[in-house]
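Okay, here's what each chain looks like letter by letter:
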Amino acid sequence: MTSINKAMSIADNLVHVYERIEKAAQNVDRDTSAVHLVAVSKKQPMEKIQAALDAGHRCFGENRVQEAQEHWSTIKPNYPDLRLHLIGPLQTNKVKEAVALFDVIESLDREKLARALAKEMEKQGKILPCFVQVNTGEEAQKAGIIPADLPDFLTFCRGECGLDIRGLMCIPPIDEPPALHFAFLAKLAQENDVTGLSMGMSSDFEKAIPLGATYVRVGTGIFGERS
Ligand SMILES: *Cc1c(COP(=O)(O)O)cnc(C)c1O
């Protein structure tokens, strides 16, 4: 994989991933345009990020606020149609910077954060679409709402906080078949009246698409190994 990614250009890698998305969608008669590609640019050099921008890609994911600022603060104003997704844990003391920089928050995972986001969005006059991260494997070390707590949490986010909840996000346990978790997340979304599903990474996005992914988050599959 690494050597192929190195030999191929970022533009070629992007085309290849788009093609794989299209094929996975067509296989199950899904509309390809319903599946969005979040290019995960964390720990990647600016030349590669610029190459993806030059190839016309406009949707990127970062998992840390500070690194995202280093990557994007200067160049984001040059790309008005750029969409930046926060896909990693957000500390409440970074909410101000996160709301200022990002367009979508995918890692909403606790009440304190929901409150802080709602307050900061009101202050900045922005309404960012949010995804609730679900800890589908109930792993102790992993962020996310425990599935049994999801209905109450969604009620809290939508009602008390007035947040715009667009979907659910998950990162399956590394030692379990991801498709089980994708199917579970899809079921939770259906039961709770949310439509968006952010699931699937470089190694498993083709499994997530038949199960309803509307966003896949691909890093190494586009940019190669992280530094
Ligand atoms: C890093 C990361 C990805 C991308 O992983 P790859 O295996 O490089 O595609 C996707 N989602 C999250 C939450 C990540 O932190």
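Please refer to the structure higher up on the page.
Residues numbered from 1 in each chain as written. Predicted model: local features only at pLDDT ≥ 70, side-chain atom pairs only at ≥ 80, totals over all residues. Heavy atoms only, no water.

**Q** If you had to explain the pattern of salt bridges to someone new, which residues and values would you point to?
**A** Overall, the coordinates contain 8 salt bridges when judged by the stated rule. Put simply, Glu 206 and Arg 20 hold a salt bridge, and the shortest N to O gap is 2.8 Å. Here the residue Glu 206 occupies a position in helix 9 (residues 205-208), and Arg 20 occupies one in helix 2 (residues 10-27), the gap between them amounting to 186 residues. The exposure class of Glu 206 is partly exposed, given its relative accessible area of 34%. Classification of Arg 20 as partly exposed rests on a relative accessible area of 23%. Between Asp 109 and Arg 110 there is a salt bridge, with its nearest N and O atoms 2.8 Å apart. (Salt bridge = Lys/Arg side-chain N within 4 Å of Asp/Glu carboxyl O. Helix = DSSP H or I, 4+ residues; strand = E, 2+ residues; numbered from the N terminus. Buried < 20%, exposed > 50% of the residue type's maximum accessible area, 1.4 Å probe, protein only.)

**Q** So, the packing of helix 6 (residues 111-124) against helix 7 (residues 150-160): which residues are in play, and what are the values?
**A** Two quantities define a packed helix pair, namely the angle between the axes and the distance from one axis to the other. Orientation of helix 6 relative to helix 7, taken along the N-to-C sense of each, is 15°, at an axis distance of 10 Å. With respect to each other, helix 6 and helix 7 are oriented roughly parallel. Considering the relative orientation of helix 6 and helix 7, their crossing is right-handed. Here Glu 111, Ala 114 and Arg 115 of helix 6 come into contact with helix 7, specifically with Phe 153, Phe 156, Cys 157 and Glu 160. (Axes fitted to C-alpha atoms, helices over the stretch in contact; angles between N-to-C directions. Parallel < 35°, antiparallel > 145°, perpendicular 65-115°, else oblique. Left-handed = near helix turned anticlockwise from the far one by under 90°. Contact = heavy atoms within 4.5 Å.)

**Q** If you had to explain the site of the ligand to someone new, which residues and values would you point to?
**A** With respect to spatial proximity, the complete set of residues near the ligand consists of Val 40, Lys 42, Ile 87, Ile 171, Met 201, Ser 202, Arg 217, Val 218, Gly 219, Thr 220 and Arg 226. Contact between the ligand and Lys 42: an oxygen atom at 2.6 Å from a side-chain N or O atom of the residue. Thr 220 is positioned with one of its backbone polar atoms (N or O) 2.8 Å from an oxygen atom of the ligand. Residue composition of the shell around the ligand, by class: 5 nonpolar, 3 polar and 3 charged. (Near = heavy atom within 4 Å. Polar contact = N/O pair within 3.5 Å; in protein donor to acceptor, adjacent residues only side chain to side chain. Nonpolar A, V, L, I, M, F, W, Y, C, P; charged D, E, K, R; others polar.)

**Q** Outline the side chain of Glu 120, listing residues and values.
**A** The residue Glu 120 is located in helix 6 in this model. The side chain of Glu 120 sits in the buried core without any salt bridge; Lys 123 is the nearest counter-charge, 4.1 Å away. Setting aside residues up to four positions removed in sequence, Glu 120 forms contacts with Val 95, Lys 96 and Val 99. (Lys, Arg positive; Asp, Glu negative; His and termini not counted.)

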